[in-house]
Structures are given as C-alpha cells and as structure tokens.
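Analysis of the macromolecular model
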Amino acid sequence: MSPINREGESAMLPGNCLHSIFQERARAAPERIALTSGSETVSYRELDERSDLLAARLTELGVRPNVLVALCARRSPEAIAGMLGILKAGGAYVPIDPTYPPERVDYLLADCAAPVVVAAADTAELMAGRHPAIVWIEGDRVTGESGTATPGCGEQPAEPAGHGLAYVIYTSGTTGAPKGVAVEHRNAVRLFEQAQPRFAFDHRDSWTLFHSISFDFSVWEIWGALLYGGRLVLPPEAVSRSPALLVSLLRSERVTILNQTPSAFRQLLTVLPSGENSTAGLALRLVLFGGERLDPHMLAPWIDRHGDRRPALVNMYGITETTVHCTYRRITAADLAEGGRSPIGVPLPDLRVHVVDDDGQLVRDGVPGEMYIAGAGLARGYLNRPELTAERFLSPAPQLGEERVYRSGDRAMRLPGGELVYLGRMDSQLKVRGYRIEPGEIEECLSHLPDVAGAVVTSRDFGDGDIRLIAYLLPAHSPDLSERSTSRLVAVAEKHARASLPQHLRPSVYKIVTDIPVTPQGKVNRHALGK
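Report follows, based on the coordinates.

Conventions used here
- Residues numbered from 1 in each chain as written.
- Predicted model: local features only at pLDDT ≥ 70, side-chain atom pairs only at ≥ 80, totals over all residues.
- Heavy atoms only, no water.
- Helix = DSSP H or I, 4+ residues; strand = E, 2+ residues; numbered from the N terminus.
- Buried < 20%, exposed > 50% of the residue type's maximum accessible area, 1.4 Å probe, protein only.
- Contact = heavy atoms within 4.5 Å.
- Areas by Shrake-Rupley, 256 points an atom, 1.4 Å probe, with all protein chains shown as cover.
- 1 Å grid on protein atoms, 1.4 Å probe; cavity = no way out; pocket = protein on both sides within 12 Å on 5 of 7 lines; lining within 4 Å.
- Points joined across faces, edges and corners; volume = space filled by probe spheres on them.
- Nonpolar A, V, L, I, M, F, W, Y, C, P; charged D, E, K, R; others polar.
- Core = buried A, V, L, I, M, F, W, Y, C linked by side-chain atoms within 4.5 Å.
- Phe/Tyr/Trp six-rings, centres within 6.5 Å; stacked < 30°, edge-to-face > 60°.
- Lys NZ or Arg CZ within 6 Å of the ring centre and 35° of its normal.
- Axes fitted to C-alpha atoms, helices over the stretch in contact; angles between N-to-C directions.
- Parallel < 35°, antiparallel > 145°, perpendicular 65-115°, else oblique.
- Pairing = 2+ DSSP bridges.
- Salt bridge = Lys/Arg side-chain N within 4 Å of Asp/Glu carboxyl O.
- Left-handed = near helix turned anticlockwise from the far one by under 90°.

Right, let's talk about the overall build of the protein chain for a bit. Counting secondary structure elements, the protein chain contains 15 helices and 28 strands. Out of the 531 residues in the protein chain, the part that is buried amounts to 58%. Residue pairs at least 24 apart in sequence account for 68% of intrachain contacts in the protein chain once pairs closer than 6 positions are excluded. Just so you have it, the protein chain exposes about 21,200 Å², and 49% of that area is on carbon and sulfur atoms.

Next comes the structure, spelled out in structure tokens:
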C-alpha cells in the first residue's frame, strides 16, 4: 500500500516510553488541545499537570516500574489522566470497564493482584470498598484514604526503559477464565513509528476514542492522537450507541481519523443520506477497520457514493498479543468484486507473518494455514500464566528462522503477490462486534446454573453482518419444552449472564435443546446446532 499522501512529521518519536513522548508534546505545545469531552476541553499542559498529580500520589503509595495499577474509568478525561499518571509513576495500567458486572471486576482485581486501584469518581458505586487502596480522580483532583495528594510529593521513580510494562489488557480465555496480555512500552511505541509513514499522523489530526479502554483498539486511538500532538475526542456513551449522533459529532469536531469495527461502520452507513453531499462537512481523511473480519463488499454503498480516495479506507489485522495491529491493506473499488475474501495486506515493516501447516512448517502461496507472527510487536506474554505463554509464544522457532513467534490461531493464505487474505479462526473462537470471544468462557458461566446440564455458545449472522451470540442450553432434568418451562430457564440464564458477564459476552438469543450433537471425534457439533 502506498503512503497516504500528506506532509507529516518524522516517524521517529521523541522517547521510548508512551508517557515521556506525551511529555515532549506537552512541552512543545502546552496550550494545544489534547482532549475534547462534550463542552470540556483539556490542553496538553492541563493533562500533563493532572497526570503529574496522580503520579506523585501513586509514587507515595509505592508504585514503581512494572507494578500493576488497576484503572477503572469510562471514556473520559479521568481515564486518560489515569493512564498517564500510572505510567509516569513507572507502573502499568490494567483497564477495567465500569460496565462490567461486579463478579468480573472482582476476578480482574484478584487475578492481576494490583496493589493500588485508580478509579474515576463516577465509578464509586461499583468500586467503593472493593480494594484497600483506591485513589480517586475527578477533574484535576486526586484523593484517597489519606486525603488530597500534593504535586511533587515523594521520591520520583526512575524512568523505565522501553522494555518496562505499559499495560495489561484482558482477553477472553479458552478455559473459561480471561487472561491478561502484558505489553511493554517498546511494543506500543514501535507500532506508531511503523504506522506513521503509511498514514502521516501529526498534530493536525483529531481522533475519536470510540472503544472501551478495556479493548485494545483503544490503545491505537488514544496514543495515536497523543504521541503525535493530535486531539482526542471522547464521545458520550449515547453517541457511541447512535450512528446518527456519531455522524453529527464527526462533523462538529472535524474528526480526521475514525477507527471502526466493520459492524459499527455498517451501522454508520445506514444513517448517511444517499445524496452526493452526504459527507459534506466531514473532515475524515482515514477510516481504519479492525477488530473483526472485513468483507469489502459491505463498503460498496460507501464507495459507490463517495469513491475510495478520501477518506482512505484501510483494513488492519491484529491481536492483543501482537500489540493491536499487524498488517494493513488499503481497500479500493477493485476489491468489491472479490467476493468471500477479506484482504489484510502485508505486515508492518518490523513484523513478519508466516503461514504454516499443522506441523509448523511453511506452506506454499495459495495454500491456507495458520499465521505465526514474529517481530517487535510481540507482547511479553500472559500475566501469571507461564505454561500458556510457552504454548502460544514459541521460542525459538528454528524452522522459520525466528527467535520467537506467536501462534495466532487465525487462518490465512498468502497470495502470489505477497498479500495475505484472512480466512477465520483455527478453533472455535468467535469475533462479535470487534471483540475476540472464547465461547468456553460463556459456556462455563451458564453451566454453573443448577438447572443447566450443558451449554454451547455459537454466533450467527442475522444478515447484513449483524452477528450475535446464541446460547444452546441443555436442561439438567427431563427436558420440558413447554413455553412456560423454557421461558423460565431462559429468564434465569439471562439474569445470571447479566450478573456475571460483560455486555459483549452476553448471548442475544437462548435456545433450549433436548441434546447437544457431537461429531464422530466426540466434539460438540456446533454446525449441527445452528441448523
């Protein structure tokens, strides 16, 4: 893919840590707007000062390099100041979405064993009393059990090297338990250095933070803006749920870079008028897709109306374990005729993608296989899970000439010209609205119900890319498929899911079955269930 034509800044960033680069931007242009949240604007200087205040408090509490600090906040200025303050103290942030059920929050706090929690004041109903050391942030105020902190208090931490931890983000787990992916500063910094020559990010860009801070797409949105001196627009919750309101926000805030899952963008298409002036007032120069499979044909209405030049439409493939994005591919009108293929292009220059067979040996071009990924984007591994880390992060991989590779579990095929086509998951993992979901986690949750003998979770496309989770429940007692009985069991399951699972892991549809079909190998026949 040729670079997006625009005079941009140097790809090399002024530092090897996320927060130190931000500080350079704040020093260079302190009055430039860093954040817009409704009617509130926060300059780089103000954000720098707010995060300094938090860093001082965390330092008093003993936060040092590689110490994990949980961060519970909605998409807000407090969330961004929280991240920066944690990093400035030398710690690594562990984002916790306040919309998670209390049971999920308790699990994450216990699993990461963070000695300190930073929480936005508006999460008090969820977080109060959940941890012995909570630092509350609200605007430019930082408070905790010992009262208000003072800027500059305590010994300042040593600047962590680029190999220090930056964040731990949890993804769905195959064994029913989420697993934390530990990502270092250098993993994230090089992502933006590698991407910038292709996309020309700079201080003139306005980005939206459209995704939860617990979803790694947010890493791309937040730091893509702040590392290059741009502006980050924080949409209210209502905007993130309303395509019409989002279009209005894109116009009013003159957003230049929009990151979307294909499902979300499809909804956006439904509210743009069909006339030739439907994009009037939009400043978009880039729409970047990620998080789930993109079928280029879904972009036909957009390209038919607006062409494929501005904004440029780019499909990116990536995984949390390889630091957000691995490959990129500009989508053009010519791609619309390629039915059934999802082009993901070529790797970022410092990454390598090998397509291999079941024995880990390279396959020929045109032959499907699993993607093994190598290079500077590979995360440190899974938090407190050495066996799983060794299973997925192979070191070394002599047959590929690599010191370390990550087994993605994703199928792809390399075309003769070198570009990759995404073919789906190797296992039963699902992608729904951009979230990577292990059905086993949901199945384990539902199986805890005393009236459920077994649960199987699949996904179904209800048309136009409307993908939803379907739960099949096998009653523990003699199946009574009367309307009253099934309605009662479904209601119990729905209530349990609401109490135990984040929204993106809750099934949309429940079906009661008399048996769960299996394959000749004794595995659940998910295909037969969907018939």
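Summed over all chains, the structure comprises six cavities of 30 Å³ or more. Its volume calculated, the largest cavity comes out at about 410 Å³. Every element with two or more residues in the lining of the largest cavity is listed here: strand 9 (165-171), strand 15 (312-317), strand 17 (342-347) and strand 25 (435-437). Here the residues of the lining of the largest cavity are counted per class, giving 14 nonpolar, twelve polar and six charged.

Moving on, we get to the nonpolar core. Formed by 88 residues in total, the largest nonpolar core has its most connected members in L47, F199, W220 and W223. Residues contacting W220, with those up to four places away along its chain left out, are L191, F192, A195, F199, F201, W207, N259, L288, M316, V324 and H325. Core analysis: the next-biggest nonpolar cluster, separate from the first, contains 25 residues, L294, W302, L313 and I331 among them.

On to the packing of aromatic side chains, then. Tallying each qualifying case throughout the model produces 16 aromatic pairs. In textbook terms, an aromatic cluster arises when at least three aromatic residues are bridged by ring pairs, as seen for F192, F199, F201, W207, W220, Y228 and Y328. Just above the ring of Y100 sits the side chain of R104; from NZ or CZ to the centre is 5.5 Å.

This part covers the packing of helix 6 (residues 185-199) against helix 7 (residues 217-226). The N-to-C vectors of helix 6 and helix 7 enclose an angle of 75°; their axes lie 12 Å apart at closest approach. Accordingly, the angle class assigned to the pair helix 6 and helix 7 is roughly perpendicular. Contacts between helix 6 and helix 7 pair L191, F192, A195 and F199 from the former with V219, W220, W223 and G224 from the latter. In the contact of helix 6 with helix 7, the residues fall into seven nonpolar, one polar and no charged.

On to the sheet that holds strand 27 (residues 467-475). The sheet built from three strands is open, its strands ordered 26-27-28 with mixed pairing. This sheet does not close on itself; its edge strands, each paired only once, are strand 26 (452-461) and strand 28 (509-512). Taken over all neighbouring pairs, the strand axes of this sheet differ in orientation by 25° on average, direction set aside. In this fold helix 13 (residues 439-447) packs onto strand 26, strand 27 and strand 28, with an angle of close to 145° to the strand it touches most, strand 26. Packed onto the sheet, helix 14 (residues 483-500) meets strand 26, strand 27 and strand 28 and runs at close to 140° relative to strand 28.

This part takes up the pattern of salt bridges. Here the structure, examined in full by the defined rule, presents 24 salt bridges. Close ionic contact of E60 with R57 constitutes a salt bridge, the shortest N to O distance being 3.0 Å. Residue E60 and its partner R57 are both found in helix 2 (residues 44-60); the two are separated by three residues, about one turn of the helix. Relative accessible area serves as the criterion here: at 39%, E60 is assigned to the partly exposed category. R130 is the partner of D106 in a salt bridge, and the nearest nitrogen-oxygen pair spans 2.6 Å.

Let's shift gears to the layout of surface pockets. If you roll a probe as big as a water molecule over the atoms, it shows you where there is empty space left. Put simply, the largest pocket is a space of about 1,100 Å³. Forming the walls of the largest pocket are 39 residues, and the residues nearest its centre are S240, R241, R433, Y435 and Q503. Mapped onto the lining of the largest pocket, the elements with two or more residues apiece are helix 8 (237-241), helix 9 (243-252), helix 10 (262-269) and strand 27. It is helix 10 that provides the largest number of residues to the lining of the largest pocket, a total of five residues.

This part takes up helix 7. Most of helix 7 is tucked away, with ten of its ten residues classed as buried. Listing the buried residues of helix 7 in full gives F217, S218, V219, W220, E221, I222, W223, G224, A225 and L226.

Attention now goes to helix 10. The buried count for helix 10 comes to six of eight residues, which makes it a mostly enclosed element. Buried within helix 10 are the following residues: P262, S263, F265, R266, L268 and L269. Turning to helix 10, the residues buried within the fold contact helix 9, strand 13 (257-260), strand 14 (286-289) and helix 11 (300-306).

Our next topic: the packing of helix 1 (residues 18-28) against helix 2. Between helix 1 and helix 2, the least distance of the axes is 8 Å, while the angle of their chain directions is 135°. Accordingly, the angle class assigned to the pair helix 1 and helix 2 is oblique. The handedness of the crossing between helix 1 and helix 2 is left-handed. Facing F22, Q23, R25 and A26 of helix 1, the residues of helix 2 in contact are Y44, L47, D48 and D52.

Omega for the bond connecting R310 with P311 falls within 30 degrees of zero, at 0°, which places this linkage in the cis form. Residue S395 is joined to P396 through a cis peptide bond whose omega torsion reads -5°. Locating P396 in the fold gives a position in the loop between strand 21 (393-394) and strand 22 (405-414). The phi dihedral of N66 is positive, around 75°, even though this residue is not glycine. Accessibility expressed as a relative area gives 37% for N66, which makes it partly exposed.

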